[in-house]
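Geometric and topological summary
Read off the chains here:
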Amino acid sequence: MIGSIIGDIVGSIYEYTPNNIKTKEFDLFSPKGSYTDDSILTVATADWLLHGGEIAHYYSRYGQKYPYPMGSYGERFFLWLVRTANNQDYSPYNSCGNGSAMRVGPVGWAFDTKEEVLTKARESAECTHNHPEGIKGAQATALAILMARQGADKKEIREELENLFGYDLHFTCDDIRETYTWGGTCQDTVPQAVVAFLDGVSFEDCIRNAISIGGDSDTLACITGSIAEAYYGVPSDIREKAMEYLPDELKEIVTEFERKYSSRTSRK
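The paragraphs below set out a description of the structure included in this document. (Residues numbered from 1 in each chain as written. Predicted model: local features only at pLDDT ≥ 70, side-chain atom pairs only at ≥ 80, totals over all residues. Heavy atoms only, no water.)

What follows deals with the overall build of the protein chain. Within the protein chain, the regular secondary structure consists of 15 helices and zero strands. Taking 18 Å as the expected radius of gyration for a compact globule of 268 residues, we find that the protein chain reaches 16 Å, a close match to that expectation. Overall size of the protein chain, expressed as C-alpha extent along the three principal axes, is 45 × 40 × 35 Å. The proportion of buried residues among the 268 residues of the protein chain is 59%. Within the protein chain, residue pairs in contact and separated by at least 24 positions form 73% of the contacts whose partners lie at least 6 positions apart. Carbon and sulfur atoms make up 48% of the accessible area of the protein chain, which amounts to about 10,700 Å² in all. (Helix = DSSP H or I, 4+ residues; strand = E, 2+ residues; numbered from the N terminus. Rg over C-alpha atoms; globule rule 2.2 N^0.38 Å. Buried < 20%, exposed > 50% of the residue type's maximum accessible area, 1.4 Å probe, protein only. Contact = heavy atoms within 4.5 Å. Areas by Shrake-Rupley, 256 points an atom, 1.4 Å probe, with all protein chains shown as cover.)

This next bit is on empty space enclosed by the protein. Considering all chains together, one arrives at one cavity of 30 Å³ or more under this definition. For the largest cavity, the calculated volume is near 30 Å³. Lining the largest cavity are Met1, Trp109, Glu229, Phe257, Glu258, Tyr261 and Ser262. Sorting elements by how many residues they give to the lining of the largest cavity places helix H15 (residues 248-261) first, with three residues. Here the lining of the largest cavity is built from residues that sort into four nonpolar, one polar and two charged. (1 Å grid on protein atoms, 1.4 Å probe; cavity = no way out; pocket = protein on both sides within 12 Å on 5 of 7 lines; lining within 4 Å. Points joined across faces, edges and corners; volume = space filled by probe spheres on them. Nonpolar A, V, L, I, M, F, W, Y, C, P; charged D, E, K, R; others polar.)

Turning to the nonpolar core, a few remarks are in order. Judged by nonpolar contacts, the single largest core of 94 residues is most densely connected at Phe29, Tyr62, Val107, Ile157 and Leu161. Of the residues forming this core, the biggest block, ten residues, is contributed by helix H8 (residues 132-149). The residues touching Leu161, leaving out its near neighbours within four places in the chain, are Ala140, Leu143, Ala144, Gly166, Tyr167, Leu169 and Val194. (Core = buried A, V, L, I, M, F, W, Y, C linked by side-chain atoms within 4.5 Å.)

Here we take up the pattern of salt bridges. Taken as a whole, this structure holds 14 salt bridges when the rule is applied. Measuring nitrogen to oxygen at the nearest pair gives 2.7 Å for the salt bridge that ties Lys24 to Asp205. One end of the pair, Lys24, is in the loop between helix H1 (2-11) and helix H2 (37-51); the other, Asp205, is in helix H12 (residues 203-212), with 181 residues separating them in the sequence. By relative accessible area, which is 26% here, Lys24 ends up partly exposed. Here Glu159 and Lys155 are joined by a salt bridge, their closest N and O atoms 2.7 Å apart. A residue pair is termed a helical-turn pair when its members lie 3 or 4 positions apart in one helix, as Glu159 and Lys155 do in helix H9 (residues 154-165) at four residues. Assessed through its relative accessible area of 53%, Lys155 is described here as exposed. (Salt bridge = Lys/Arg side-chain N within 4 Å of Asp/Glu carboxyl O.)

In structure tokens:
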């Protein structure tokens, strides 16, 4: 799950059109960077998988505790946080936003079958993002992680996501870099994030690909990083640097999750 957090932190200063960088040449970690809602809710997902209970309660609790991260929450999710705090109404709001995909990374590590991963990814999404595209984005991301850590090659991952979810993944980052703009939905973010992984030659290169196309940079890189971690692993120096940005409570969940699940890979 640390791959998600790394992508989020690296992308945090490049989010939105005025800040998009459109190049792979940049300092990986900036002193101005920070974890955002992407990391917070990814950790919430991990906490849920470790300790059980209702997933919506975790998202609400973490959102209340960390209300103003850099980048902030989407408007509809923020209103959901207000609603859950005031009257305990946890009903979803039919979102297809990319928040369901950015926070799902731990699901791809916690289960070993396609059926389990798709079921739990749906559960993690539909408590808020119960639009079909919101569910699909979470499922596609989690399945890519499962396949990557179980030894599938990139051709197999591409074909499975295209066949199962109907995504067109036959383009490259170079093809879209000059024209891609903001995409806040799963359908406008998940395919691009997957392609950033498919185009990469290392974990770091995948993250740089995601940042370089612009748009919702922290979320793109968060999704890309979640898959790239499962495929390439994460260099120890990059992991250690990212952990420096996190408060102790989030570090503790990351560490606990890694102790339980990080060995569940057959990729060498």
